[in-house]
Amino acid sequence: MAGTGQGGDVYKVYYWDPQKVMQGGPGRSEFIKLVLEEAGVPYMMVHDKVLELFRQGQWTGYPVFAVPVIEKGGFSLSQTGVACRYLGKKHGLYPASEEDEWHADQINTTVHDYIGEGVLSFHGKNWTASYFDQVEETKPYQEFFVKERMPKFLQHFEKALAANKGGHGFMVGDSVTYVDLAVLHVLRATQSQFPEAWEAQKTSIPLLVAFKDRMSERPRLKAYFASSRCLPFSGNSML
């Protein structure tokens, strides 16, 4: 079962301990977890000593800039969007045509632009400090994000979905790919972290709303969302 396993036969997903660093939220590792869950691929989360490995320079694998990092069989990879694309290609969640491959890559890159801007809106004064150290100072950044940036990104994703056979299936092609899971995550994050803004936007993005609902009902994802492996959003970040 995905989410379980021991030793070198499963992917290790290195990420900050959510109880110590993320204030309980899922963080960027959620993108990777959704791909592995949908693919039915075993994995294990590694939180122990991540601070030492990645902030104190003790990591001995291929150089990485930051977590999340996936590792299996001596091969390691970071950059969330790249790791998801790699996993999608390895495990049957990859576009079938070259055109769809590049369109998926384009959407995936935009997803991470969106999540990056959303995250920074919670850390407007100091983007490496806790949200709780800058609650008042960062409110203008959140207001700007909600008013100016969120609608533009969501409308773009709506148009991209509509461009694939009217928008009643997947982001690209005829079957689920890693990029569908990336879009699903940012939609769930938007709804959770900015509920009022999400409700206000829903009528202008009907295809995305329906996409989010049907993706969430996929058997493996539905089981994951109902499990303890799926951490609730913390309310203090876009992640």
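Please read these numbers as outputs of a predicted model, since none were measured by experiment. (Residues numbered from 1 in each chain as written. Predicted model: local features only at pLDDT ≥ 70, side-chain atom pairs only at ≥ 80, totals over all residues. Heavy atoms only, no water.)

Participant: Just to check I follow, could you spell out the overall build of the protein chain for this structure?
Facilitator: What the protein chain contains, in helices and strands, is 9 helices and 4 strands. Walking the protein chain from its N terminus toward its C terminus, one meets helices and strands in the order β-α-β-α-β-β-α-α-α-α-α-α-α. For 239 residues, the compact-globule estimate of 2.2 N^0.38 gives 18 Å, and the C-alpha radius of gyration of the protein chain, at 18 Å, lies within 12% of that figure. Along the first, second and third principal axes, the C-alpha atoms of the protein chain reach 45 × 45 × 30 Å. Within the protein chain, counting contacts between residues at least 6 apart in sequence, those at least 24 apart form 73% of the total. With an accessible surface of roughly 11700 Å², the protein chain has 53% of that area assigned to carbon and sulfur atoms. (Helix = DSSP H or I, 4+ residues; strand = E, 2+ residues; numbered from the N terminus. Rg over C-alpha atoms; globule rule 2.2 N^0.38 Å. Contact = heavy atoms within 4.5 Å. Areas by Shrake-Rupley, 256 points an atom, 1.4 Å probe, with all protein chains shown as cover.)

Participant: What is the right way to read the pairing of strand β1 (residues 11–14) from this model?
Facilitator: Where β1 meets strand β2 (residues 43–46), 4 bridges bridge the pair, whose relative direction is parallel. Residue pairing in the sheet places Tyr14 in a bridge with Val46 of β2. Here 3 bridges tie β1 to strand β3 (residues 69–72), and the two strands are oriented antiparallel to one another. What sits directly across from Lys12, in β3, is Glu71. (Pairing = 2+ DSSP bridges.)

Participant: Would you take a moment to explain the nonpolar core for this structure?
Facilitator: By size, the foremost hydrophobic cluster in this structure holds 60 residues, and its most contacted members are Ile107 and Tyr114. A total of 9 residues in this core trace back to one element, the largest contributor, which is helix α6 (residues 178–193). Membership of the second largest hydrophobic core comes to 10 residues, among which are Tyr14, Tyr15, Trp16 and Phe54. (Core = buried A, V, L, I, M, F, W, Y, C linked by side-chain atoms within 4.5 Å. Buried < 20%, exposed > 50% of the residue type's maximum accessible area, 1.4 Å probe, protein only.)

Participant: Can you help me understand the pairing of β3 in this one?
Facilitator: With 3 bridges joining them, β3 and strand β4 (residues 75–77) adopt antiparallel strand pairing. In the strand pairing of β4, Ile70 is matched with Leu77. Count of turn residues in the β3/β4 antiparallel hairpin: 2 residues, of which Gly73 carries a positive phi of about 60°.

Participant: How do you make sense of the pattern of salt bridges when you look at a structure like this?
Facilitator: Proximity of charged atoms lets side chains of opposite charge pair with each other. For the structure shown, the criterion picks out 10 salt bridges. As a salt-bridge pair, Arg218 and Glu38 come within 2.8 Å of each other at their nearest N and O atoms. Here the residue Arg218 occupies a position in the loop between α8 (206–216) and α9 (219–225), and Glu38 occupies one in helix α1 (residues 29–39), the gap between them amounting to 180 residues. Residue Glu38 is classed as buried on the basis of its relative accessible area, which comes to 8%. A salt bridge links Arg149 to Glu117; its shortest N-O distance comes to 2.7 Å. Of this pair, Arg149 sits in helix α5 (residues 139–162) while Glu117 is found in helix α4 (residues 98–120), placing the two residues 32 residues apart along the sequence. The exposure class of Arg149 is partly exposed, given its relative accessible area of 24%. (Salt bridge = Lys/Arg side-chain N within 4 Å of Asp/Glu carboxyl O.)

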